[in-house]
Amino acid sequence: MLKVTPSMLQEHWGTVTGSEHELGVYNRSGANNFDETCLPAAEFIQNGGRIYDDVGHPEICTPEASNPLQLVALERAMERRAVKLGLSAELYKNCVDFAPGYQNNAFAAHENYFTRVSSDSVDALVPFLVSRIIFTGAGDTSLGDFTLSQRAPHITCLRGEHSLWNRPLLHERDEAMSSVPSWRRLHLICNDANMCATAILLKHGTTMLVLRLLEANLLEPLPYNEFQAIDDLQRLNEQTSDWDMKGTRPRPMKAVDVQGFYLNQVATKISNASPLEKFVISMWREVLARLATDPGETFGIVDWTTKKALIDQIRTSEEGKKYLPETIDLTYHNLDRKVGLYFGLEDNGTAERLLSPQVIGHFTSRAPRTTRAWARGEAIRLAEWARLNAWGEIEVHCTWQYINVYISGKLSHDMCLRMPDPRQSYGRSISEFKRRLGA
């Protein structure tokens, strides 16, 4: 089987991806609030990512990643940064709230893709997005019976602009965060917060590859009645095997076969695949084969199968009988490596890490060199260096597209940087910024 290599982290797939996660919180009193004064005042940090308060939750946003393995490293790095902030609360990377009186409050795990696919053409993704729940679902006990996904019950329509209610499968809110002609941001809010590194890789990697075919007009559409998409999603969510999709035409298909339909096109139509692309395709094929025969064989790779096995195992032991399924569910998502159930699996080798702690540690303070996150992170780092070296009063205020530089409280127009293209690192501009600081 193919293995991850360090060089895969540097691949540029010609686009970028990223993720946003609102984190669940509990403090010692059992309330779902935290010490927001510990959040970074400027929101953006040295690795180019962003941490801020969003509707009462700390939210972590990865820097732009040029491939899905880089995205895995950056998600892990942002998780680590969030824990180190000391927010006076336990942090959970999940999508539902188990606090007394707040059951089943839903919050976000969002995906972002920079793409040339138009809002009209994106309908071709509907059966793909519905069926991928079989390997992207994080597992859920908040509604009683075990289901595949925490997010699926809260997806209630096909298209829409809302994210706090009437949530859609295809999100249509227009927040470009870039200005490259014919390119746009595809923002998805229909999926779970994944803990398994391989699930994160597959979620972003498979979507990026299918989007590439769609951009190139190479994707053969799967005949599908999209008016049945939400019903299919809810039906798949309630099954742990033999997933049928009734919206496929001319007859119902298994979700595994729907995924196979897209996999086969990616495998045969993408020429000169890179090492990481080959790895994603290989892992995609292997996971689908295991799900088709015995979903339990994806333990440590797919979150819902991993969580279900842990709940079943713990609850059948004498000691474990005192734990409610929702307690185990919540602890699975705890970002504290000392108590989080998922991280215990990584530490004992039963969950696939993909990346070493050293690689993740690097990305906690450094941005990838292959996207504009590099310029953002370096500008923040250089401004901190300048202040420490008595250079003067300098502040860097970042957005996704801009770096605004203030000297002694005044905007320094000639040092500001506009970054319309997330695929570029803007290294020459940062070299000039560094030269002017004398760093």
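See the structure printed just above.
Everything quoted here is computed from the prediction, not taken from an experiment.

Caption draft 1: How the structure looks around the pattern of salt bridges. Throughout the structure, instances matching the rule amount to 28 salt bridges. Among the salt bridges present, the one from Lys93 reaches Glu75, with a minimum N-O distance of 2.6 Å. Of this pair, Lys93 sits in the loop between strand 5 (90-92) and strand 6 (96-97) while Glu75 sits in helix 1 (residues 68-84), and the two are 18 residues apart along the sequence. Taken individually, Lys93 and Glu75 each receive the classification buried, so the pair is uniform in this respect. Across the pair Arg290 and Glu286 runs a salt bridge, and its minimum N-O distance is 2.3 Å. In this pair, Arg290 and Glu286 are both assigned in helix 7 (residues 275-293), four residues apart and thus about one turn of the helix distant.

Caption draft 2: Up close: the layout of surface pockets. The space that makes up the largest pocket amounts to roughly 750 Å³. In terms of lining residues, the largest pocket is bounded by 40 residues, among which Glu20, Glu59, His110, Arg185 and His187 are the most central. Sorting the residues of the lining of the largest pocket by element identifies strand 1 (17-22), strand 3 (50-54), strand 4 (57-61), strand 7 (105-106), strand 8 (109-115) and strand 11 (184-188) as the ones contributing at least two each. Considering every element that reaches the lining of the largest pocket, the biggest residue donor is strand 1, with five residues.

Caption draft 3: Structural context of the sheet that holds strand 11. Taking strand neighbours across the sheet as the criterion, the five strands line up as 3-4-1-8-11 in an open arrangement whose pairing is antiparallel. Each edge of the open sheet is held by one strand with a lone partner, namely strand 3 and strand 11. The mean angle between the axes of side-by-side strands here comes to 20°, regardless of whether they run parallel or antiparallel. Here three bridges tie strand 1 to strand 4, and the two strands are oriented antiparallel to one another. Across the sheet, residue Glu22 finds its bridge partner in strand 4, namely Glu59. Across the face of the sheet, helix 1 comes into contact with strand 1, strand 3 and strand 4 while running at roughly 30° to strand 1. Sitting on the sheet, helix 4 (residues 197-215) is in contact with strand 1, strand 8 and strand 11, with an inclination near 30° to strand 8.

Caption draft 4: Structural detail: the environment of Leu71. With respect to the helices, strands and loops of the structure, Leu71 is situated in helix 1. Here the alpha-carbon distance between Leu71 and Leu330, two residues 259 residues apart in the chain, equals 24 Å. Filtering out sequence-adjacent residues up to four positions away, Leu71 remains in contact with Thr17, Gly18, Ser19, Thr62, Ala65, Ile200 and His204.

Caption draft 5: Structural context of the environment of Ile51. Within the fold, Ile51 resides in strand 3. Taking the C-alpha atoms as reference, Ile51 lies 12 Å from Thr399; in sequence the two are 348 residues apart. Filtering out sequence-adjacent residues up to four positions away, Ile51 remains in contact with Leu39, Pro40, Glu43, Ile45, Glu59, Ile60, Met78, Arg81, Ala82 and Leu85.

Caption draft 6: Inspection of empty space enclosed by the protein at higher detail. Taken as a whole and assessed by the stated rule, the structure comprises two cavities of 30 Å³ or more. Space inside the largest cavity adds up to approximately 70 Å³. Of all the secondary structure elements, the ones that give two or more residues to the lining of the largest cavity are helix 2 (126-131) and helix 3 (133-136). In this structure, the second largest cavity encloses a volume near 40 Å³. Considering the residues around the second largest cavity, the lining is formed by Gly24, Val25, Tyr26, Tyr92, Asn94, Val96, Asp97, Phe107 and Leu330. Elements represented by at least two residues in the lining of the second largest cavity include exactly strand 2 (24-26) and strand 6. With three residues, strand 2 is the largest single contributor of residues to the lining of the second largest cavity. Its residues placed into classes, the lining of the second largest cavity shows six nonpolar, two polar and one charged.

Here is what the cut-offs are and how they apply
Residues numbered from 1 in each chain as written. Predicted model: local features only at pLDDT ≥ 70, side-chain atom pairs only at ≥ 80, totals over all residues. Heavy atoms only, no water. Salt bridge = Lys/Arg side-chain N within 4 Å of Asp/Glu carboxyl O. Helix = DSSP H or I, 4+ residues; strand = E, 2+ residues; numbered from the N terminus. Buried < 20%, exposed > 50% of the residue type's maximum accessible area, 1.4 Å probe, protein only. 1 Å grid on protein atoms, 1.4 Å probe; cavity = no way out; pocket = protein on both sides within 12 Å on 5 of 7 lines; lining within 4 Å. Points joined across faces, edges and corners; volume = space filled by probe spheres on them. Pairing = 2+ DSSP bridges. Axes fitted to C-alpha atoms, helices over the stretch in contact; angles between N-to-C directions. Contact = heavy atoms within 4.5 Å. Nonpolar A, V, L, I, M, F, W, Y, C, P; charged D, E, K, R; others polar.

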